[in-house]
Amino acid sequence: MIVRTLAETLGTERDVEAPNWRSRRLLLAGDGMGFSLHDTVLHAGTETEMCYLHHVEAVYCIGGEGEIQVLPDGPVWPIAPGTMYALDGHEKHVLRAKTELRMVCVFNPPVTGNEVHGPDGAYPPADASGS
Ligand code: 9YT
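Scoring rules and cut-offs
- Residues numbered from 1 in each chain as written.
- Predicted model: local features only at pLDDT ≥ 70, side-chain atom pairs only at ≥ 80, totals over all residues.
- Heavy atoms only, no water.
- Near = heavy atom within 4 Å.
- Polar contact = N/O pair within 3.5 Å; in protein donor to acceptor, adjacent residues only side chain to side chain.
- Areas by Shrake-Rupley, 256 points an atom, 1.4 Å probe, with all protein chains shown as cover.
- Helix = DSSP H or I, 4+ residues; strand = E, 2+ residues; numbered from the N terminus.
- Nonpolar A, V, L, I, M, F, W, Y, C, P; charged D, E, K, R; others polar.
- Salt bridge = Lys/Arg side-chain N within 4 Å of Asp/Glu carboxyl O.
- Pairing = 2+ DSSP bridges.
- Axes fitted to C-alpha atoms, helices over the stretch in contact; angles between N-to-C directions.
- Patch = residues over 30% accessible without salt bridge, like charges linked within 9 Å, V, L, I, M, F, W, Y side chains within 5 Å.
- Phe/Tyr/Trp six-rings, centres within 6.5 Å; stacked < 30°, edge-to-face > 60°.
- Buried < 20%, exposed > 50% of the residue type's maximum accessible area, 1.4 Å probe, protein only.

1. Details of the site of the ligand
Inspection of the region around the ligand gives 15 residues, with S23, R25, H38, T40 and Y123 positioned closest. One nitrogen or oxygen atom from the side chain of R25 is found 2.6 Å from an oxygen atom belonging to the ligand. Interatomic distance of 3.0 Å between a side-chain N/O atom of E57 and a nitrogen atom of the ligand. Contact with the protein chains hides 100% of the accessible area of the ligand, taken as 310 Å² for the molecule alone. Elements supplying a minimum of two residues to the shell around the ligand: β2 (21-27), β3 (36-42) and β10 (101-108). Counted by class, the shell around the ligand contains 9 nonpolar, 4 polar and 2 charged residues.

2. Focus: the pattern of salt bridges
Scanning the entire structure with this criterion turns up 9 salt bridges. Salt bridges sharing partners connect three or more residues here, namely E47, E67, R96 and K98.

3. A word on the sheet that holds strand β4 (residues 47-50)
A sheet is described by the order of its strands in space; here 4 strands give the open sequence β4-β9-β6-β7, paired in antiparallel fashion. The sheet terminates laterally at β4 and β7 (76-79), the two strands that pair on one side only. If you compare each strand with its neighbour and ignore which way they point, the axes differ by 20° on average. In the sheet, strand β6 (residues 66-70) pairs with β7 via 4 bridges, with the strands oriented antiparallel.

4. A look at a nonpolar patch on the surface
A cluster of nonpolar side chains, Y60, I62 and M84, forms an exposed patch at the surface whose accessible area comes to about 280 Å². Turning to its location among the elements, I62 is positioned in strand β5 (residues 56-63).

5. Structural notes on the sheet that holds strand β1 (residues 15-18)
Strand order in the open sheet made by the 6 strands is β1-β2-β3-β10-β5-β8, with antiparallel pairing throughout. Of all strands in the sheet, those bounded by a partner on one side alone are β1 and β8 (84-87). Between one strand axis and the next, the sheet turns by 20° as a mean value, whatever way the strands run. Note that β5 and β10 share 7 bridges and pair antiparallel. The residue bridging G63 from the neighbouring strand is R102, located in β10.

6. What about unusual backbone geometry?
Glycine aside, a negative phi is what most residues show, and trans is what most peptide bonds show. Here the amide bond leading from L71 into P72 is cis, since omega sits at 10°, within 30 degrees of zero. Relative to the helices and strands, P72 is located in the loop between β6 and β7. Despite not being glycine, H90 shows a phi value in the positive range, around 55°. Topologically, H90 is positioned in the loop between β8 and β9 (93-97).

7. Comments concerning the packing of aromatic side chains
Working definition: an aromatic ring pair is given by the centre-to-centre distance plus the angle between the planes. A full pass over the atoms with the stated rule returns 3 aromatic pairs. Centre to centre, the rings of Y52 and F107 are 4.9 Å apart; their planes meet at 90°, and the pair counts as edge-to-face. Here Y52, found in the loop between β4 and β5, pairs with F107, found in strand β10; they are 55 residues apart in sequence, far enough to count as distant. F107 carries the same exposure label as Y52, and that label is buried. Members of the aromatic cluster, connected to one another through ring pairs, are Y52, F107 and Y123.

Here's what the structure looks like:
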């Protein structure tokens, strides 16, 4: 059994920062669960374009207000606490944080550590990043 607190991840290699967000990775590939689990904060006023070519991701909002759009011209859905979206088709998308957003994110396959988005908006495939 694994028991880990958010406080224990802060300032460690599980606490990954990018210009628009900070991702606290409570479970990583090395934990052997088959998915990774992140508590992610997206900074107010940011727009983040992403396209997870090598992963599926579910995202559950637990704080803040924003919106998500499938690119280039898909529908826009509001994001608020209690809303979940699942990227089951490697969709290119943009997440707009009107206020600070706090999201619980699950990745399959799990991220292995300190992934940040490449120029394609993706994280590298799991075996390219060391798992
Ligand atoms: C919601 C989202 O995709 N934010 C970008 C960061 C990513 N989810 C992560 O690694 O926690």
